[in-house]
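Chain residues, written in single-letter form:
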Amino acid sequence: MDERTDLLMRVEGMTCDGCAEAVRRTVRRLDPEAAVEVDRAGERVAIRTSAQSLAIAEALGKAGYTATAMTG
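Per chain, residues are indexed from 1 in the order of the written sequence. In keeping with the model being predicted, local features are shown solely for residues with a pLDDT of at least 70 and side-chain atom pairs are shown and tallied solely at 80 or more, while totals for entire chains, interfaces and linings include all residues. Neither water nor hydrogens contribute to the side-chain values; these are computed over all heavy atoms in the structure.

## Some details on the overall build of the protein
Now for step 1: The numbering of helices and of strands both runs from the N terminus, where a helix is a DSSP run of H or I of at least 4 residues and a strand a run of E of at least 2. Broken down by element type, the protein carries 2 helices and 4 strands.
Now for step 2: The linear arrangement of helices and strands in the protein, starting from the amino end, is β-α-β-β-α-β.
Now for step 3: A globule of 72 residues ought to have a C-alpha radius of gyration of about 11 Å, and the protein, at 11 Å, matches this closely.
Now for step 4: C-alpha extents for the protein along the principal axes are approximately 35 × 25 × 20 Å.
Now for step 5: Note on classification: 1.4 Å probe, protein chains only; a residue is buried when its accessible area is under 20% of the maximum for its type, exposed when over 50%, partly exposed between these limits. Taking all 72 residues of the protein together, 33% fall into the buried category.
Now for step 6: Put simply, 67% of the contacts in the protein that link residues at least 6 apart link residues at least 24 apart.
Now for step 7: Using a 1.4 Å probe, the Shrake-Rupley method yields the accessible areas, and only the shown protein chains count as cover for residues. For the protein, the exposed area adds up to about 4,500 Å²; of that, 47% sits on carbon and sulfur atoms.
Now for step 8: Positive charge is attributed to Lys and Arg, negative charge to Asp and Glu, and no charge count is given to His or to the chain ends. Each charge is placed at NZ for Lys, CZ for Arg, CG for Asp and CD for Glu. In the protein, which carries 10 positive and 12 negative side-chain charges, the distance between the mean positions of the two groups comes to 4 Å. Each radius of gyration reported is based on C-alpha atoms, and the globular scaling rule is 2.2 Å times the count of residues to the power 0.38. Any two residues whose heavy atoms approach within 4.5 Å are treated as being in contact.

Set out below in C-alpha cells:
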C-alpha cells in the first residue's frame with residue numbers, strides 16, 4: 001500500500017535557493033512522487049510522502065543539512 005503522510009521538518013543549513021532545490025531533490029530520491037514545500041527563511045520543509053521521516057532526515061543529513069521532525 002502506498003500510503004502518504006504529511007511531515008513537517010526543521011531543516012537547518014539552507015542558505016540559498018540552490019540549497020532548497022537540493023533538499024527537494026534529496027526527498028524525491030526517496031519518493032519521486034513526494035510533494036515538497038520549502039520555507040528556507042523559516043527553516044521548514046513540508047512534505048507529503050510515503051517515505052519514513054527518519055529515512056528523509058538521514059538522507060538530508062548525508063546531503064549536509066540538519067533535519068528534525070516537527071510536531072503540530
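Alright, that's what it looks like, and here's the rest.
## What to know about the pattern of salt bridges
Now for step 1: By definition here, a salt bridge exists when the distance from a side-chain nitrogen of Lys or Arg to a carboxyl oxygen of Asp or Glu is within 4 Å. Tallying each qualifying case throughout the model produces 6 salt bridges.
Now for step 2: The shortest N-O distance in the salt bridge between E43 and R10 comes to 2.8 Å. You can see E43 sitting in the loop between β2 (35-39) and β3 (44-49) and its partner R10 sitting in strand β1 (residues 5-12), a full 33 residues away along the chain.
Now for step 3: One salt bridge in this structure joins E21 and R24, with 3.2 Å as the shortest N-O distance. With E21 and R24 both in helix α1 (residues 17-30) and 3 residues apart, the pair spans about one turn of that helix.
Now for step 4: Among the charged side chains, a salt-bridge network with shared partners connects R10, E12 and E43.

## Digging into the pairing of β3
Now for step 1: Only one face of β3 is buried: it carries V45, I47 and T49, and the other face, with R44, A46 and R48, is open.
Now for step 2: When DSSP finds two or more bridges between a pair of strands, those strands are recorded as paired. The sheet contact formed by β1 and β3 spans 6 bridges and is antiparallel. Considered in β3, the bridge of D6 is made with R48.
Now for step 3: Between β2 and β3, which pair antiparallel in sequence order, lie 4 residues; one of them, E43, sits at a positive phi of approximately 55°.

Function cannot be read off these values alone, since they describe shape.
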